[in-house]
Amino acid sequence: MIGVTENLRDIRDLLAFSAAEAERTPDAVKLLAVSKKQPIEKIFAAIDAGQQDFGENFVQEGLAKIDQTRDKDVVWHFIGHLQNNKTRVVAENFDWVHTIDRLKTARRLSQQRPESLGPLNICLQINVDDEDGKSGVVIDALPELAAACVDLPNLVLRGLMCLPAVRTEFSEQRKPFSKLRELAQDLRAGGIDTDTLSMGMTADYRAAIIEGATIVRIGTALFGRRD
Ligand SMILES: *Cc1c(COP(=O)(O)O)cnc(C)c1O
């Protein structure tokens, strides 16, 4: 898997370059390798090249991969739409969930998280462009949802996540990410401190890093196109 090894090196360089442009240190931006619909061999290649954080969108596929990497030091992030009937296996197997947009889901995850694993890290997904039919909590409902999540014992609210509408212009790409950063600042002003902005993918990570992303979720640039 020479492709994955080289891609990973190139992406790390690009992330460090973007961080420097934003006057941030390279370790301020974590690379989340999005491995959905990619074969396990590519994941092994990335692990061998030092990658630790991986993101999956589909519960069954993610569980199979978690199973195949039990003996390795991997941090698993769930980044897909989470149905209520799948919360238990996610709470029992993943380290992070980026896509919480309802209190009911958060409550179930907290109840179902085995205490022996320590608290589950969560991000609240924001429908930052207020798109019809899109996952994510609407901006006005964020403060209440965040406050309720902070009170759940087996979760730790790490921050906010978004998946904005596609934009091609760099200056336009920055806007939803800037908005997410402001929302986190508003929460902080209200007494809810978080450390994570999960934003930016292959096509827009540079704009996200300029706006303060602490986790960029990159699939295609690292693993190639999905089937
Ligand atoms: C698929 C996916 C990504 C990665 O997208 P690429 O364009 O392949 O980098 C990131 N975040 C989420 C939520 C995804 O579903």
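Quick caveat: nothing in here was measured; it's all calculated off a predicted structure.

## Focus on the pairing of strand S5 (residues 120–126)
- With seven of seven residues buried, S5 lies mostly within the body of the structure.
- Residues Leu-120, Ile-122, Leu-124 and Ile-126 point to one face of S5 and Asn-121, Cys-123 and Gln-125 to the other, with burial holding for every one of them.
- Traced from strand S4 (residues 96–100) through helix H5 (residues 103–112) to S5, the parallel crossover comes out right-handed.
- In this region the chain leaves S5, passes through helix H6 (residues 142–150) and returns to the parallel neighbour strand S6 (residues 155–162); the handedness of that crossover is right-handed.

## Some details on the site of the ligand
- With respect to spatial proximity, 13 residues lie near the ligand, and among them Lys-36, Asn-57, Thr-202, Thr-220 and Arg-226 are the closest.
- Here Gly-219 contributes a backbone N or O atom positioned 2.8 Å from an oxygen atom of the ligand.
- Arg-226 is positioned with one of its side-chain polar atoms (N or O) 2.8 Å from an oxygen atom of the ligand.
- Calculation on the ligand without its partners gives an accessible area of 390 Å², and the protein chains cover 90% of this total.
- Looking at the shell around the ligand residue by residue, the class counts come to six nonpolar, four polar and three charged.

## Some words on the packing of aromatic side chains
- A full pass over the atoms with the stated rule returns two aromatic pairs.
- Across from the ring centre of Phe-170, 4.4 Å away, lies the NZ or CZ of Arg-206, which sits over that ring.

## Regarding the pattern of salt bridges
- Evaluation of the coordinates by the stated rule reveals 13 salt bridges.
- Among the ionic pairs, Glu-56 bridges to Lys-65, the shortest N-O distance being 3.0 Å.
- Where Glu-61 meets Lys-65, a salt bridge forms, and the shortest distance between an N and an O atom there is 2.6 Å. Residue Glu-61 and its partner Lys-65 are located together in helix H3 (residues 59–68), separated by four residues, close to a single helical turn.
- For Glu-61, a relative accessible area of 23% translates into the label partly exposed.
- Each of the salt bridges in this network shares a partner with another, and the network as a whole consists of Glu-56, Glu-61 and Lys-65.

## Thoughts on the nonpolar core
- In terms of nonpolar packing, the biggest core is built from 60 residues, with Leu-124 and Leu-160 touching the most fellow members.
- With near-sequence residues (within four places) excluded, Leu-124 lies in contact with His-98, Ile-100, Leu-142, Leu-145, Ala-146, Cys-149, Leu-157, Gly-159, Leu-160 and Met-161.

## Considering the side chain of Thr-214
- Mapped onto the elements of the fold, Thr-214 is located in the loop between helix H8 (205–210) and strand S8 (215–218).
- When residues no more than four places from it in sequence are discounted, the contact partners of Thr-214 are Arg-24, Ala-28, Val-29, Lys-30, Asp-195, Thr-196 and Leu-197.

## Considerations on the environment of Glu-23
- Inspection of the secondary structure assignment puts Glu-23 in the loop between helix H1 (2–21) and strand S1 (30–34).
- The exposure class of Glu-23 is exposed, given its relative accessible area of 77%.
- A sequence separation of 187 residues divides Glu-23 from Ile-210, and the C-alpha atoms of the two residues are 8.7 Å apart.

Basis of the calculations
Residues numbered from 1 in each chain as written. Predicted model: local features only at pLDDT ≥ 70, side-chain atom pairs only at ≥ 80, totals over all residues. Heavy atoms only, no water. Buried < 20%, exposed > 50% of the residue type's maximum accessible area, 1.4 Å probe, protein only. Helix = DSSP H or I, 4+ residues; strand = E, 2+ residues; numbered from the N terminus. Right-handed = clockwise from strand over helix to strand, strands pointing away. Near = heavy atom within 4 Å. Polar contact = N/O pair within 3.5 Å; in protein donor to acceptor, adjacent residues only side chain to side chain. Areas by Shrake-Rupley, 256 points an atom, 1.4 Å probe, with all protein chains shown as cover. Nonpolar A, V, L, I, M, F, W, Y, C, P; charged D, E, K, R; others polar. Phe/Tyr/Trp six-rings, centres within 6.5 Å; stacked < 30°, edge-to-face > 60°. Lys NZ or Arg CZ within 6 Å of the ring centre and 35° of its normal. Salt bridge = Lys/Arg side-chain N within 4 Å of Asp/Glu carboxyl O. Core = buried A, V, L, I, M, F, W, Y, C linked by side-chain atoms within 4.5 Å. Contact = heavy atoms within 4.5 Å.

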